[in-house]
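Results of the structural survey
Below, each chain spelled out in residue letters.
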Amino acid sequence: MHLTKEEERMLSGGEGYAVKKSMEILVALGDIYGAERLIKVGSVQVAGVSYHNLGDAGLEFLNELAKDGKVKVLTTLNPAGMDLENWRDLGISEEFAEKQNLVIDAFKKMGIVTSCTCTPYLIGNLPRYGEHVAWSESSAVTFANSVIGAKTNREGGPSALAAAFVGKTPCYGLHLDENRVPDVHVHVTAGLKKLSDWGALGYCIGKKAENKIPYITGIAEAEVDELKSFCASVVTYGAKPLFYIRDVTPGSEKHQPPKDKVTIDSKDVEEAYRNINDEAVDIDFVCIGCPHCSIKEIAEIARLLTNRKIAPNTEFWVATSRTAKQLADMRGYTAIIEKAGGKFACDTCMAVAPLKGRFKAIATTSAKGCYYSRQNKMLTKMGSLEECIAAAVSGKWS
Amino acid sequence: MELKGRIIYKGKGSGEALVTSQPISFYGGVDPNTGEVIEKGHELQGKSVKGKVLVFPTGKGSTVGSYTLYRLKKNGVAPEGIINRECETVVAVGAIISEIPCVDKIDISCIKTGEHVRIENEMVIV
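Note that the coordinates shown come from a computational prediction; the quantities given were computed from them, not determined experimentally.

Cut-offs and rules
- Residues numbered from 1 in each chain as written.
- Chains lettered and ligands numbered in written order.
- Predicted model: local features only at pLDDT ≥ 70, side-chain atom pairs only at ≥ 80, totals over all residues.
- Heavy atoms only, no water.
- Helix = DSSP H or I, 4+ residues; strand = E, 2+ residues; numbered from the N terminus.
- Buried < 20%, exposed > 50% of the residue type's maximum accessible area, 1.4 Å probe, protein only.
- Contact = heavy atoms within 4.5 Å.
- Pairing = 2+ DSSP bridges.
- Axes fitted to C-alpha atoms, helices over the stretch in contact; angles between N-to-C directions.
- Buried area = accessible area lost by both parts, 1.4 Å probe.
- Salt bridge = Lys/Arg side-chain N within 4 Å of Asp/Glu carboxyl O.
- Polar contact = N/O pair within 3.5 Å; in protein donor to acceptor, adjacent residues only side chain to side chain.
- Nonpolar A, V, L, I, M, F, W, Y, C, P; charged D, E, K, R; others polar.
- 1 Å grid on protein atoms, 1.4 Å probe; cavity = no way out; pocket = protein on both sides within 12 Å on 5 of 7 lines; lining within 4 Å.
- Points joined across faces, edges and corners; volume = space filled by probe spheres on them.
- Core = buried A, V, L, I, M, F, W, Y, C linked by side-chain atoms within 4.5 Å.
- Domains from an automatic or database assignment.
- Parallel < 35°, antiparallel > 145°, perpendicular 65-115°, else oblique.
- Left-handed = near helix turned anticlockwise from the far one by under 90°.

1. Section: the side chain of Thr 320 of chain A
All names here are of chain A. In this fold, Thr 320 is placed in strand E12 (residues 315-320). Exposure remark for Thr 320: the relative accessible area of 0% places this residue in the buried category. Apart from the residues within four sequence positions on either side, Thr 320 is in contact with His 292, Cys 293, Ile 298, Lys 325, Phe 344, Ala 345, Cys 346 and Asp 347.

Structural data, given as structure tokens:
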């Protein structure tokens with residue numbers, strides 16, 4: 001890879017330890033993937049925030065970097081292992097909270113906006129069409145590439161941090177237009193009626209378009225919340241973090257449907273539900289917000305929970321960004337949800353909080369949420385928001 | 001026998017080879033505290049990577065795996081070196097932040113478990 005004089009100086013330690021280590025990472029990745037040069041990035045989204053995944057060694061690594069590392073571009077953060085304010089109410093231990101706060105302190109010291117959300121595009125980290133960024137968090141990467149039309153590879157925590165300290169990333173993969181050409185045509189004949197249908201569709205397409213870029217036809221319109229859910233699902237179940245929906249997402253007008261064609265019908269979607277769902281009746285956990293709820297979704301939850309009560313043995317979480325919760329506070333949604341016995345889980349979610357062993361069965365609107373909850377040894381039920389609220393109120397899936 | 005590859009993280013490391021023909025997922029697949037391979041059904045399940053020169057085709061799985069390599073190193077149970085056929089992001093970043101000598105573009109079928117292997121930058125000496 002060709003390096004400028006300034007980049008050579010960073011690699012040899014001229015800007016300190018964090019920048020040197022970062023350049024080593026970027027140059028190695030550039031060489032592995034055949035990049036010719038580094039390119040500037042507009043923003044960074046950093047994953048690897050939960051102490052549950054980092055452990056003491058990860059924390060130590062971040063502290064090393066924080067000694068002299070300062071980010072050069074707008075950098076936001078993925079969810080942590082707990083609500084940074086309300087962790088006690090969510091059953092997080094004192095010991096875990098102390099470590100998680102040290103992780104956040106290290107990121108703060110680096111100059112990172114400690115937003116702790118998987119929806120950075122909803123809270124102020126919004127790239128423009130065609131802009132190069134370096135994001136981690138697979139659902140956000142897919143949203144940036146597909147719904148916004150920005151350009152990013154699927155970064156890991158350390159490679160995203162490296163891009164933030166240098167302000168650049170190696171130019172390969174999805175940064176190059178020739179690698180953004182769709183390679184499978186997916187025609188959808190199934191009707192999509194509720195939010196969870198988008199998760200189920202993502203499951204079907206992820207499985208059928210494994211490691212490919214789908215060009216999707218048959219969908220006339222889609223709301224942002226639906227696309228957000230689809231992004232999380234399609235990449236979790238196997239596709240590349242980029243898709244096109246004809247006449248819905250940007251760039252679709254520049255491409256023709258590829259010759260290789262698959263069809264997704266209503267039977268495929270029903271099959272997806274069967275695979276994602278387990279046999280479960282008693283529901284002791286309902287969590288909405290994977291990816292994090294938008295203010296519009298919180299409004300809908302508040303409407304459905306007005307004058308109702310969550311079942312005594314069931315825990316109900318709204319996983320969202322602190323920013324969205326502040327808007328919910330202003331509208332009175334928070335008061336309605338909390339009066340019903342629901343809890344806000346800001347800054348965190350069901351995928352990264354230490355939940356193993358705490359709950360037996362979860363109900364959620366999210367296919368990705370089900371995937372990670374199974375790893376936490378829960379039985380899973382995916383359905384519409386109405387079905388999930390009904391389960392929270394009765395404690396049963398019906 | 002001498003094999004020449006490509007440096008991912010430069011340095012010297014030697015030890016007994018632990019070889020598998022299957023990709024390794026460090027996150028969830030290797031215990032960061034003991035160095036034991038815990039992925040169900042993996043060829044190396046139950047074996048420890050501690051002190052070995054770990055030889056495998058490529059990495060797979062969650063990007064959190066880079067931090068798992070770092071945790072192995074800090075816990076004193078990391079491999080002495082890593083040899084891949086084709087290195088990918090998770091292992092490359094993990095090797096760099098953990099400062100474990102790592103080389104790829106090596107015909108790993110030439111190396112057998114138990115052989116003494118030395119990595120010297122881009123060279124692998126069996």
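2. Considering the sheet that holds strand E4 (residues 134-136) of chain A
Residue and element names in this part refer to chain A. The four strands lie next to each other as E3-E2-E4-E5, forming an open sheet whose pairing is parallel. At either margin of the open sheet sits one strand with a lone partner, and together these are strand E3 (74-77) and strand E5 (154-155). Relative to E4, strand E2 (residues 43-46) runs parallel, the two being bridged by two bridges. In the sheet register, Gln 45 faces E4, and the bridge partner there is Trp 135. Docked against the sheet, helix H5 (residues 138-148) engages E4 and E5, running at close to 140° with respect to E4.

3. A closer look at the interface of chain A and chain B
Contact with chain A, which involves 24 residues of that partner, is made by 19 residues of chain B. In total, about 1,800 Å² of surface goes out of reach between chain A and chain B, with carbon and sulfur atoms giving 65% of it. On the chain A side of the contact with chain B, Ile 32, Asn 53 and Phe 61 of chain A bury the most area, a combined 27% of that side's loss. Taken together, the connections running from chain A to chain B amount to two salt bridges. One salt bridge connects Lys 21 of chain A with Glu 99 of chain B, and the closest N-O pair in it is separated by 2.8 Å. At the boundary of chain A with chain B, the tally comes to seven residue pairs in polar contact (both at pLDDT 80 or more). Counting residues per element, the ones that place at least two in the side of chain A that touches chain B are helix H2 (17-32), helix H3 (51-68) and helix H6 (157-166) of chain A. Here the side of chain A that touches chain B takes nine residues from H3 of chain A, the largest share from any one element. Residues belonging to the side of chain A that touches chain B are distributed by class as follows: eleven nonpolar, eight polar and five charged.

4. Some remarks on empty space enclosed by the protein
All names here are of chain A. All chains considered together, the criterion is met by three cavities of 30 Å³ or more. Quantified by volume, the largest cavity comes out at close to 80 Å³. Along the wall of the largest cavity there are 13 residues; nearest its centre are Leu 195, Cys 290, Pro 291, Glu 297 and Thr 365. Among the elements of the structure, helix H8 (224-236) and strand E11 (285-293) are those that each provide at least two residues to the lining of the largest cavity.

5. Some remarks on the nonpolar core
In this structure, Val 44, Leu 62, Phe 107, Met 110 and Leu 161 of chain A together with Phe 26 of chain B are the most contacted members of the largest nonpolar core, which totals 90 residues. At nine residues, H2 of chain A tops the list of elements feeding residues into this core. Domain assignment of the residues forming this core places at least three in each of domain 1 (5-177) and domain 3 (277-394) of chain A. With near-sequence residues (within four places) excluded, Val 44 of chain A lies in contact with Val 73, Leu 74, Thr 75, Thr 76, Asn 125, Ala 134, Trp 135, Ala 160, Ala 163 and Ala 164 of chain A.

6. Remarks on the packing of H5 of chain A against H8 of chain A
Residues and elements named next belong to chain A. One way to put it is that H5 packs onto H8 with a least axis distance of 8 Å and a crossing angle of 120°. The angle between H5 and H8 falls in the class oblique. In this structure, H5 meets H8 at a crossing whose hand is right-handed. Facing Ser 138, Ser 139, Thr 142, Phe 143 and Val 147 of H5, the residues of H8 in contact are Val 224, Leu 227, Lys 228, Cys 231, Ala 232, Val 234 and Val 235. The residue inventory of the contact of H5 with H8, partitioned by class, reads eight nonpolar, three polar and one charged.

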